[in-house]
Structures are given as C-alpha cells and as structure tokens.
Amino acid sequence: LAPMATDYDCVIVGSGPGGYETAIRATQLGMETAIVEKDKLGGVCLNVGCIPTKALLKSAEVMAETSHLDDFGLELDGSVSPDFPSVIERSRGAANQMNQGVRFLMQKNDIDVLRGHGRLTAPDTVEIEPSVNMDGEEVGEARTVTGEHIILATGARPNELPFLPIDGEKVMSSKEAMLQTEQPDSLVIVGAGAIGVEFGYFYHHMGTDVTIIEVQDRMVPAEDKDVSKELEKAYTKMGIEVMTGANVKGVDKDAEPLRVEVETGGSTEHIECDQVLSAVGVVGNVEDIGLETVGVETEGGDIVVDDYYRTNVDGVYAIGDVTGAPWLAHKASHEGILCIEKIAGHDVRPMDPNDIPACTYCQPQIASVGHTEEEAREAGYDVKVGTFPFKANGKAAALGHQEGFVKTIYDEKYGELLGCHIIGEDATELISEVVAARTLETTGLEIMESMHPHPTLSETVMEATREAYGQPINI
Amino acid sequence: LAPMATDYDCVIVGSGPGGYETAIRATQLGMETAIVEKDKLGGVCLNVGCIPTKALLKSAEVMAETSHLDDFGLELDGSVSPDFPSVIERSRGAANQMNQGVRFLMQKNDIDVLRGHGRLTAPDTVEIEPSVNMDGEEVGEARTVTGEHIILATGARPNELPFLPIDGEKVMSSKEAMLQTEQPDSLVIVGAGAIGVEFGYFYHHMGTDVTIIEVQDRMVPAEDKDVSKELEKAYTKMGIEVMTGANVKGVDKDAEPLRVEVETGGSTEHIECDQVLSAVGVVGNVEDIGLETVGVETEGGDIVVDDYYRTNVDGVYAIGDVTGAPWLAHKASHEGILCIEKIAGHDVRPMDPNDIPACTYCQPQIASVGHTEEEAREAGYDVKVGTFPFKANGKAAALGHQEGFVKTIYDEKYGELLGCHIIGEDATELISEVVAARTLETTGLEIMESMHPHPTLSETVMEATREAYGQPINI
Amino acid sequence: MPEPVPAGTDAEGRRIKASPLARRIAQEHDVELAQVDGSGPEGRIVRRDVETHVEKQEAAPESTPEPEPTTEPE
Ligand SMILES: Cc1cc2nc3c(=O)[nH]c(=O)nc-3n(C[C@H](O)[C@H](O)[C@H](O)COP(=O)(O)OP(=O)(O)OC[C@H]3O[C@@H](n4cnc5c(N)ncnc54)[C@H](O)[C@@H]3O)c2cc1C
Ligand SMILES: Cc1cc2nc3c(=O)[nH]c(=O)nc-3n(C[C@H](O)[C@H](O)[C@H](O)COP(=O)(O)OP(=O)(O)OC[C@H]3O[C@@H](n4cnc5c(N)ncnc54)[C@H](O)[C@@H]3O)c2cc1C
C-alpha cells in the first residue's frame with residue numbers, strides 16, 4: 001500500500017524568526033512548504049520583541065546623547081524633549097517594515113501562508129481555525145492541511161507571577177510597555193533580566209522615574225558577576241533606582257498611585273508608582289496546539305526535542321522558544337535551519353549551547369557567549385582570565401563612551417576560548433567575532449594574531465586576550 | 001674575543017603604534033629596551049592621526065543626528081550648532097588622554113624613553129640630538145646609545161604634490177586641518193582616499209561648504225568598485241560636492257577667495273574656496289636617520305624589509321609606515337610584534353597582506369579585508385559573490401541607518417573567504433569578525449553556522465555569505 | 001552544495017584540529033589529516049600544512065606508504 005500523499009512536505013506552525021526562516025530554507029531544499037500563523041507574520045521578535053524594542057532604545061540613546069551635547073563641542077540653544085507618541089510610532093514603523101519584509105519573503109519563496117490558529121489532530125495533520133490578531137482583526141478560515149513533516153514554532157509569551165497578574169494597564173507586560181502611547185511619570189519594573197533593564201533604560205531617558213526590582217542578588221543574573229556589578233554601577237549613576245535581593249509580594253491596584261509591596265533585607269517597603277512592568281521571563285505556547293492529542297512530550301512547559309529537534313512523535317518537530325531557554329531569536333532560527341537540513345538529509349552538526357550569544361541592548365550594552373568565569377571553574381577548567389577596560393581603548397575615547405570592559409576566559413591547557421563577556425559600547429556587535437572564532441575552534445593565539453583594525457572597539461577583545469596570556473599591551 | 005656589550009638589547013626609533021607596542025612586547029620577552037622619540041609619544045596615530053580624527057568625526061556624527069531629531073520622535077525646541085573651537089578641543093583631549101597612556105605604559109614596562117632625533121651611525125648605534133616637538137618645545141639632549149637590535153619605526157608624513165605645496169594655512173595637510181580652531185566657510189579637499197573623505201564628512205557637518213576632488217574615476221579607489229559607487233551616492237545626497245576623474249592643476253593663493261584650477265573632462269574649471277586640504281597619501285620618514293651611513297636599502301622611498309622586517313643590514317629592522325603601504329596603525333603594530341617575536345626566537349607566521357583590514361570612518365563607514373571582486377577575478381579565482389543590503393537588516397531599521405551593503409567573495413573551489421567589503425553603519429567594527437574568521441581559515445559554511453546574535457548589524461555578514469552560497473534568507 | 005567536511009580523528013579516536021580550509025583541501029587531494037603535521041596553535045592543521053604535505057607527496061611519491069601504482073596495459 002503506497003502511503004497517502006500529504007498536502008505539503010513541510011507545515012510549520014508559527015511564523016516567528018524560527019518559523020519563517022525555516023520555511024524559506026525548506027523551499028530552498030526543494031520542499032513544498034506552508035506556514036500557519038494566527039497573528040502577524042514575524043512572531044514576537046518582529047512585532048513585539050527584538051525589533052520594536054531596539055527602535056525604542058535608539059530614540060533613548062539619541063535622547064541621552066543630546067542631554068550632553070556640549071561634551072561633543074556642540075551648542076544647544078533651547079531644549080530637546082521626547083515626544084512619546086512619536087517615539088512609539090517610530091518603533092511601530094520599524095516593526096511594520098520588517099513585517100512587510102516577511103510577507104514579501106513568503107511570496108518570493110512560494111510559501112503558502114495559512115492564517116489562523118493551528119492545532120495538531122494527527123502527527124501529519126494540522127487543523128486551522130480563524131483567529132484574532134493583535135490589532136483585533138479576525139484572520140484566516142477553517143481548513144485542515146497535512147504535511148509529511150510538521151514543525152512547531154509557536155514561540156512563547158510573557159510569564160506571569162501569581163501575585164502580580166498582568167492586566168495590561170496598571171500591570172503591563174513588555175507588549176503593552178512598547179505599545180502604549182501614554183507615558184507614566186513613574187514605573188516599577190519587576191525583573192532585571194534583559195527585557196527589564198532594556199525598558200528601564202528606555203523609560204528613564206523618556207523622563208519616567210524608574211525603579212528596577214530584582215529578586216536575585218544582582219542585575220542580569222545570567223551574565224558574569226563582574227558584568228552585573230558594572231551594569232548596576234552604570235544604572236545607579238544614570239539615576240535609575242535598582243533594588244536587588246528584593247522580593248515583590250504584590251501590588252495594591254486600588255491605590256492611586258499604585259503601591260508595590262517589596263520585601264528586602266528582612267523588612268517590607270512600599271514603592272509608589274503609576275505603572276508596573278512585569279518582566280519575569282516567558283513561558284512556551286504549548287496549549288491548544290494538539291500536543292496531548294498526538295502525544296507530544298513536554299517537560300516543565302517546554303516541548304522535549306533531541307539534538308535535531310525531533311519530538312517523541314515521528315514527523316513532529318519543535319524549534320525556538322517553545323523548546324525552552326535561552327529564549328532568543330537567533331537560537332530559534334538556527335534550530336529551525338538545522339532541523340530542516342537534517343530532514344533533508346544533510347550532515348549537520350548539533351548546536352553547542354556554549355556557542356549561543358546573548359545580548360542586552362541597554363547602554364552600556366552587554367553581550368556574552370560561553371561560560372561565565374564561575375561556570376568555567378565549576379566545570380573543572382583551569383582557566384586563564386584576561387580583562388581589558390574600554391577606558392584604555394582609543395576609539396572609546398574618541399566616542400566618549402569609556403565605561404565597561406571585556407573579559408575573556410581561556411582554558412589553561414589547550415587555550416580554548418571558554419567564554420567572553422562584554423559590557424560597553426557596541427558590545428552586541430563585538431561579540432560576533434568571538435562567536436565566529438569559537439565556532440572555528442580558535443585558541444587565544446589566533447585572536448591575538450588576527451589583525452583588529454585600529455582604532456576600533458574590537459581591539460578590546462584582542463587586548464583582553466593578550467592579558468589572559470600574560471602579554472598585555474595597552475594596559 | 002667576547003663581543004662588546006650594547007647599552008640595550010633593543011633600541012626602537014619612533015614611538016608610534018608600531019614603535020611603542022613593539023617596545024612593550026620586547027620587554028615582555030625579556031629585552032632591555034629604549035625608545036627614541038623626537039616629538040610626542042604615540043606618533044602620528046595618537047597625536048595627529050587615527051584618534052583625534054575619530055574624535056572629530058564623533059562630533060560630526062552627533063551633529064548629523066541632531067539635524068533630524070524628529071525622525072527619532074524627539075522634539076528640538078531651538079537649535080543645535082557646532083562650536084568649532086570646542087570640537088577641536090575635545091579632539092585634543094582624546095589625543096592627550098591616549099598620549100598620557102603611552103607615557104604611563106613606558107614607565108610601567110621599564111622602557112627608557114630617549115627624547116630627541118635619532119640617527120644610525122653604525123648598525124648598532126643611534127646618535128640622538130635635541131629636537132623641537134609639535135608644540136614648539138625643545139626636547140631631549142645629545143647622546144649616543146647602542147643596541148643589539150635597532151628597529152626603525154619612524155613612520156610617514158603627508159605627501160605633497162609639486163604644484164600644491166602645503167603652507168599650513170591656505171593649503172593644509174591633515175595635521176592643520178585637525179588642529180586649526182578657525183573654520184573655513186568653504187574647503188576644497190584634494191584626494192578622496194580615507195583621509196580626504198573623513199575630513200569631508202567632518203567639515204561638512206560643521207557647516208563648511210565642501211568639495212572633494214579625486215583624480216581617479218571614483219572615490220576611495222582602493223576599495224571595491226561597488227563601495228565607491230555607494231559612497232559617492234551618499235556624499236552627493238549629503239550635499240558634498242564630489243568631482244572624480246578631475247585633475248587639480250594648481251591653486252592661485254593670491255586670489256581671495258583662493259582659486260583651485262581643475263581639469264576635468266577636457267575642460268578647465270576654477271573652484272573658489274577659503275582653504276585647500278591636500279590629502280594625497282603619505283611618504284616615509286627615511287631622511288636623516290642614517291640609512292646611507294650604514295647602507296640600509298630603500299626602494300621608492302620605503303625601507304626594504306623581508307618577511308620578518310629585517311633590512312639588508314644585520315641587526316637593523318624596520319616596521320610600520322616607513323616600510324610602505326598600506327599605511328595603517330594596526331599593520332604597524334602587527335609588524336612590530338612579529339618582528340620582535342622573531343628576534344626572540346619565536347615560531348611566528350609571516351603576515352598575509354590579504355589579512356590586513358582597512359577602515360574609513362566617515363558615515364556610512366567603510367571596512368574591507370582581502371581581495372576586491374575585481375582583484376579576485378584577476379587573480380584567477382572562480383568566485384561566488386554574495387551581497388546583502390543593510391535595508392533588509394532589522395537592527396539597521398531600528399537604528400534608522402539603512403544605507404549600504406555587505407559584499408562577500410568566496411572561492412568557488414574550497415570556499416575560502418577571499419574578501420569582504422562593507423559600507424554601512426558600524427562597518428569598522430563588523431569587519432573584525434571577518435578578519436578573525438579569515439585568520440582561522442574559515443570557509444563560508446562556518447560563517448553561516450556561526451550564530452550571529454539577533455538583532456545585530458553583524459547578521460549582514462552571514463546573510464551576504466548565504467547569498468554567495470545560493471541560500472539567502474532575508475532577501 | 002558543498003557539505004562541511006567531516007572531522008577526521010587521530011589514532012586514539014580524538015578529533016583532529018584542523019582549519020576548515022585545511023579540511024577541504026585535504027579532502028580534495030585525498031589526504032588523511034592524521035598524516036599531516038599541524039603547525040598551528042596546539043598542533044592545529046592549517047592550509048599551509050596540507051599544501052606542504054601534498055607537495056612533498058608529489059615530489060617524493062616513493063616516501064609515502066602508498067601501494068605501487070599498477071601499470072595499465074596500453
Ligand atoms: C520585549 C522582548 C524583547 C526581545 N528582544 C530580543 C532580542 O533583542 N534578541 C533576541 O534574540 N530575542 C529577543 N526576544 C526574544 C525573541 O523575541 C524570541 O526568542 C523569538 O521571537 C522566538 O522566536 P520563535 O520563532 O520561537 O517564536 P515567536 O517569535 O514567539 O513566534 C511564534 C509565532 O507563532 C504564532 N503562533 C503561536 N501559536 C500558534 C498557533 N497555534 N497557530 C498559529 N500560529 C501560532 C505566534 O502568533 C507567533 O507569531 C525578545 C522578546 C521580547 C518579549
Ligand atoms: C589624518 C590621519 C588619519 C589616520 N587615520 C588612521 C586610522 O583611522 N586607522 C589607521 O590604521 N591608520 C590611520 N592613519 C595612519 C596611521 O596614523 C599610521 O599608519 C600609523 O601612525 C603608523 O604608525 P608608525 O608607528 O609606523 O609611525 P608613526 O605613527 O608615524 O610614528 C612615527 C614616530 O617616529 C617619530 N620619529 C620619526 N623620525 C624620528 C627620528 N629620526 N628620531 C626620533 N623619532 C622619530 C615621529 O615623531 C613619530 O612619533 C591616519 C593617518 C593620518 C595622517
């Protein structure tokens with residue numbers, strides 16, 4: 001008996017960076033491909049994540065720079081102030097441009113875009129029903145499609161603390177915080193991870209009074225400890241209130257202003273503010289997509305996959321945020337491309353989690369890859385660590401951004417680049433050299449040998465490496 | 001007979017980036033080291049080159065950004081204008097900070113700084129006499145020192161065209177153009193290489209009327225042709241007058257304003273301006289340093305050296321600008337470190353000229369490494385070329401800097417990364433990944449495999465590579 | 001589309017460190033990475049090492065333990 005042909009070789013549920021890039025790669029590999037999307041093309045990343053937040057941060061940066069124009073030898077006769085609705089509008093413009101781009105790419109690559117909410121009814125079958133998108137418009141129509149391979153790329157949504165329910169007005173998630181056109185006079189941000197500190201920087205420079213509360217003993221707790229320390233110094237200097245080791249207990253929403261109850265150092269404080277932003281991680285979109293129907297395994301809210309993103313059910317795969325931390329766009333697309341190339345029979349190398357860079361786009365920026373110093377030592381490595389401050393870098397002096405440092409961690413034995421942690425100007429761009437070098441199995445010697453153009457910030461990576469090897473030059 | 005001991009293991013003449021970094025590395029390698037400097041520590045690079053110009057350019061960039069604050073959603077009530085003397089002062093501040101840094105490094109590393117003009121009198125002997133520095137101060141005292149190894153790192157100075165003599169007032173070199181505190185209303189720049197276009201960008205944003213004249217048929221003629229085209233487009237849009245294929249014949253200095261005579265397309269034009277900047281390359285400082293006395297060979301004004309920077313005279317070496325093009329700070333220090341490590345008996349790898357990146361810090365920035373497309377084809381390679389426009393990059397959209405592109409050139413046979421050419425936002429930082437990857441002998445596959453964080457400009461390098469390999473995603 | 005060249009392993013089964021270009025060139029010339037001396041950091045094999053190896057092989061074929069070329073009947 002010949003197997004019944006499916007409508008598509010590949011059906012992808014979710015058009016975030018994981019889903020849409022995988023769809024493109026799939027068609028390049030010769031597969032008939034459809035993508036199911038219940039909201040806007042591009043997922044969280046393009047619509048309410050990476051892109052619009054970076055647009056907001058750019059406005060904040062320009063605002064920050066114009067607040068001390070005399071330092072650049074420029075004279076301001078008058079004043080500069082943010083027009084909050086215009087700032088939001090600009091951000092929406094960037095998001096929409098990217099969103100249009102994905103639409104164009106789907107057309108260009110002959111990918112069928114099926115609007116609506118998708119749900120597995122069998123390992124090769126997705127049932128689609130109309131849904132309502134973020135603009136409140138009903139999209140899609142009911143239909144059922146089959147695919148030889150089904151890739152779940154349904155992403156994740158903001159996490160909610162039981163004692164801090166998100167209502168979208170008084171207590172917001174990142175989504176409302178980037179969409180609202182009215183600006184609060186004061187804002188409490190719960191959580192000092194990447195999203196929390198980015199919004200902290202943004203609202204601060206828009207003129208809002210910002211307090212960031214973090215339950216762990218330091219900001220950006222996923223980063224190297226020295227990075228956390230440097231960031232806290234910078235934020236405090238900037239005038240942002242930072243509370244670490246502080247436990248939010250709840251918020252009195254009937255009070256005006258709101259009262260946030262915080263337990264810190266054994267005592268309880270109440271902080272007044274106009275709005276609260278809950279920025280405490282995300283949870284995978286695993287509900288109502290038919291996982292139970294076809295028996296796809298999950299663990300702690302994430303879909304369980306192997307090195308090639310296969311679930312326990314034949315023909316069903318999962319990639320991106322819905323497979324768990326780290327929740328990052330480039331991880332999602334990397335996983336998707338790897339997954340589809342494996343399906344196509346290519347000889348692909350599984351991803352090394354230590355090769356995934358993480359970036360935070362506040363100022364100073366943060367970027368890192370691989371082990372923190374602590375992790376490297378705990379993993380049993382003999383390490384040589386080298387740091388270099390931006391203060392000693394020529395381009396940083398020319399730009400007037402001298403805060404921060406680069407820390408490189410090498411294995412004593414073979415010189416493997418175990419980790420790199422950058423806080424400072426343009427960190428998010430500088431890390432790509434390190435990621436590429438790690439992917440190419442560098443040791444510190446090649447980083448030193450590689451000719452970093454002068455004057456660039458990238459020289460700090462080389463100089464930190466030289467320090468790790470006991471051959472520092474400019475320090 | 002035991003050889004007579006020398007005063008030093010190593011004497012370095014010139015404290016530019018070549019000289020001073022080599023001195024530091026020499027002491028790390030256990031050598032007693034002296035450095036001879038007739039002017040300020042740090043050479044052209046720190047005092048009248050790389051650093052101060054990048055500081056000027058930063059002021060220009062901020063000025064450019066404040067000219068369209070509404071695009072960022074910010075409201076300017078009043079006006080912003082450059083205070084030219086303050087802009088210059090800020091630049092001097094950055095130069096001085098770096099210069100102090102070198103002084104500190106010399107002390108920290110126990111390097112004897114011998115002030116004055118140095119001159120070889122024998123292969124192991126340098127005679128020093130007092131000199132006058134750029135501030136007009138007499139420095140140093142007469143003395144003679146010997147060294148087992150003498151490294152000449154005397155750098156280069158602005159080139160002068162016979163029909164365009166530099167007087168420092170009406171016709172300036174880059175030095176006066178960055179030091180003068182009075183701003184011309186109009187400026188003609190002769191030469192559209194890196195220095196010419198950088199000053200063009202700077203003076204334009206300070207409010208000067210700028211005309212750039214280039215004898216070759218395109219701006220930045222050392223770069224890939226497509227880059228030249230893109231730059232010319234950007235400059236013309238900015239409002240800078242660009243004349244290519246135009247031959248400056250002379251300048252009438254008695255006229256007021258000055259009249260520059262230009263031959264272009266068979267006819268002669270006269271351009272009026274307040275000042276002229278001659279930016280037509282540099283020539284090595286080979287005079288009066290005793291080359292003839294000890295018989296050191298030169299060719300076309302450059303000291304001739306082998307792969308390890310040995311001249312034809314035993315014990316005498318030369319590095320940096322004095323050995324010829326490309327005249328770049330990172331080349332100077334790389335050569336110096338290689339030279340001294342070879343002297344110390346290390347197993348060093350000669351430099352591959354195709355691994356030297358070149359950067360131009362105007363906006364959009366330019367950075368490149370390796371072959372241009374034309375060169376690669378001429379060298380007989382079968383190439384696959386991929387380009388990616390910043391217009392399709394998410395971070396570029398968020399930043400509002402969408403001009404430019406990345407072009408990557410790969411060898412069809414082995415996938416060698418033959419060249420990369422970037423024009424666009426932050427190009428000078430993006431190139432370091434490519435240089436490191438080339439140094440690590442990458443192919444395009446590893447660049448694609450390397451996880452570029454999202455959203456970053458660095459993704460354009462990956463996307464251009466994908467295009468070269470026929471697997472483009474976001475285009 | 002060219003695929004990444006699989007990593008060679010040495011006698012003890014450890015992954016041999018070689019640059020991607022070195023791997024591709026070795027593959028092209030049927031050179032086993034295990035026979036190449038690496039000159040890079042930690043013995044990493046770089047392009048130059050493979051090329052030198054190939055040149056040596058071509059210059060002195062008798063020195064390599066390859067089977068005698070069989071003479072084809074004309
Ligand atoms: C404020 C914020 C800022 C961020 N900044 C960054 C950053 O700078 N860098 C970074 O790397 N990451 C960032 N992230 C994280 C990043 O957005 C995610 O990691 C990324 O979007 C994950 O991609 P994905 O494809 O897995 O899922 P998503 O982008 O979440 O896309 C999932 C898509 O699936 C659709 N979908 C879900 N269920 C169904 C269904 N049943 N049927 C049909 N469609 C469905 C959704 O509508 C959505 O479009 C940020 C996140 C937030 C919230
Ligand atoms: C305007 C401008 C901008 C530039 N921007 C960049 C850039 O962005 N990036 C880049 O890579 N390059 C740039 N360059 C080029 C860069 O400055 C040079 O490549 C670099 O300085 C060369 O270093 P060096 O050590 O060879 O020589 P130099 O820096 O020229 O130093 C030579 C030193 O030797 C001293 N000296 C000379 N003769 C004697 C003697 N007889 N006795 C004692 N001392 C002596 C000089 O006083 C000087 O201090 C720029 C140059 C200019 C002019």
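Residues numbered from 1 in each chain as written. Chains lettered and ligands numbered in written order. Predicted model: local features only at pLDDT ≥ 70, side-chain atom pairs only at ≥ 80, totals over all residues. Heavy atoms only, no water.

The next point concerns the site of ligand 1. Surveying the vicinity of ligand 1 reveals 41 residues, the closest of which are A:Glu37, A:Lys54, A:Gly118, A:Ala329 and B:His454. Looking at the residues close to ligand 1, they fall on chains A and B. A:Val44 places a polar main-chain atom, nitrogen or oxygen, 3.0 Å from an oxygen atom of ligand 1. Taking A:Cys45, its main chain carries an N or O atom lying 3.3 Å from an oxygen atom of ligand 1. (Near = heavy atom within 4 Å. Polar contact = N/O pair within 3.5 Å; in protein donor to acceptor, adjacent residues only side chain to side chain.)

It is worth spelling out helix α7 (residues 225-238) of chain B at this point. Residue and element names in this part refer to chain B. The terminal C-alpha atoms of α7, which comprises 14 residues, lie 20 Å apart, in line with the 20 Å expected from a rise of 1.5 Å per residue. Along α7, the positions that sit buried rather than exposed are Val227, Ser228, Glu230, Leu231, Ala234 and Tyr235. Taken end-on, α7 shows its buried residues confined to a sector of 165 degrees, consistent with a single buried face. Residues of α7 that are exposed and angled more than 90 degrees away from the buried face: Lys229, Lys233 and Lys237. The secondary structure elements touched by the buried residues of α7 are α6 (194-206), β13 (209-213), β14 (241-243), β24 (365-370), β26 (404-411) and β27 (417-424). The N-cap residue of α7 is aspartate 224: its side-chain oxygen and the backbone nitrogen of aspartate 226 are 3.1 Å apart. (Helix = DSSP H or I, 4+ residues; strand = E, 2+ residues; numbered from the N terminus. Expected span 1.5 Å × (residues − 1). Buried < 20%, exposed > 50% of the residue type's maximum accessible area, 1.4 Å probe, protein only. Arc of directions from axis to C-beta. Contact = heavy atoms within 4.5 Å.)

Here we come to the site of ligand 2. The local shell around ligand 2 holds 41 residues, among which A:His454, B:Glu37, B:Lys54, B:Gly118 and B:Ala329 are the closest. Close to ligand 2, residues of chains A and B are found. In the environment of ligand 2, an oxygen atom lies 3.5 Å from a nitrogen or oxygen atom belonging to the side chain of B:His330. Of all the secondary-structure elements, those providing two or more residues to the shell around ligand 2 are α1 (17-28), β2 (33-37), α2 (43-48), α3 (50-66), β5 (117-122), α5 (174-179) and α9 (329-343) of chain B. Grouping the amino acids of the shell around ligand 2 by side-chain chemistry returns 18 nonpolar, 17 polar and 6 charged. (Nonpolar A, V, L, I, M, F, W, Y, C, P; charged D, E, K, R; others polar.)

This paragraph deals with the relation of the copies chain A and chain B. Overlay of chain A on chain B (RMSD 0.0 Å): rotation 180 degrees, translation along the axis 0.0 Å. Read as a symmetry element, the transformation amounts to a two-fold axis. Same-surface contact between copies: 100% of interface residues of chain A are shared with the interface of chain B. (Least-squares fit on C-alpha atoms with pLDDT ≥ 70 in both.)

Right, let's talk about the environment of A:Glu37 for a bit. Residue and element names in this part refer to chain A. Relative to the helices and strands, glutamate 37 is located in strand β2 (residues 33-37). Exposure remark for glutamate 37: the relative accessible area of 8% places this residue in the buried category. Taking the C-alpha atoms as reference, glutamate 37 lies 12 Å from isoleucine 289; in sequence the two are 252 residues apart. In contact with glutamate 37, other than residues within four places in its own chain, are Gly14, Ser15, Leu114, Arg115 and Gly116. Side-chain polar atoms of glutamate 37 contact the side chain of serine 15, separated by 2.8 Å.

This part is about the interface of chain A and chain B. Contacts between chain A and chain B engage 92 residues on the former and 92 residues on the latter. Three residues, A:Glu429, A:Leu440 and A:Met451, lead the burial of chain A against chain B; their summed loss comes to 10% of the area buried on that side. Measuring nitrogen to oxygen at the nearest pair gives 2.9 Å for the salt bridge that ties B:Arg349 to A:Glu449. The tally of links between chain A and chain B comes to 48 residue pairs in polar contact (both at pLDDT 80 or more). For the side of chain A that touches chain B, the secondary structure elements donating two or more residues are α1 (17-28), α3 (50-66), β3 (74-82), α4 (84-108), α9 (329-343), α11 (394-399), α12 (427-439) and α13 (444-449) of chain A. In terms of residue class, the side of chain A that touches chain B is made up of 41 nonpolar, 28 polar and 23 charged. (Buried area = accessible area lost by both parts, 1.4 Å probe. Salt bridge = Lys/Arg side-chain N within 4 Å of Asp/Glu carboxyl O.)

This part takes up the environment of A:His401. Here A:His401 is to be found in the loop between α11 and β26 (404-411). Residue A:His401 is classed as buried on the basis of its relative accessible area of 16%. When the C-alpha positions of A:His401 and A:Pro364 are compared, they lie 8.5 Å apart, and in sequence the two are 37 residues distant. In this structure A:His401 touches A:Glu65, A:Phe390, A:Ala396, A:Glu425 and B:Lys58, once residues within four positions along its chain are discounted. Of the polar contacts made by the side chain of A:His401, one reaches the side chain of A:Glu65; its length is 3.2 Å.

The next subject is the interface of chain C and chain B. Taken together, the contact between chain C and chain B spans 16 residues of the former and 13 residues of the latter. Of all residues in chain C, C:Pro20, C:Leu21 and C:Arg24 bury the most surface against chain B, accounting for 35% of the area lost on that side. Where chain C meets chain B, there are 1 salt bridge. Here C:Arg47 ties to B:Glu416 by a salt bridge, and the two come within 2.8 Å at their closest N and O atoms. Put simply, chain C and chain B have 5 residue pairs in polar contact (both at pLDDT 80 or more) between them. Broken down by secondary-structure element, the contributors of at least two residues to the side of chain C that touches chain B are α1 (20-28) and α2 (47-59) of chain C. Of all the elements, α1(C) adds the most residues to the side of chain C that touches chain B, at 6 residues. Counted by class, the side of chain C that touches chain B contains 8 nonpolar, 2 polar and 6 charged residues.

Let us look at the environment of A:Leu152. Residues and elements named next belong to chain A. Within the element layout of this structure, leucine 152 appears in strand β9 (residues 143-152). Considered as a pair, leucine 152 and isoleucine 12 are 140 residues apart in the sequence and their alpha carbons are 6.0 Å apart. Excluding residues that lie within four positions of it along the chain, leucine 152 makes contacts with Val13, Leu120, Leu291, Ile303, Val316, Tyr317, Ala318, Ile319 and Val322.

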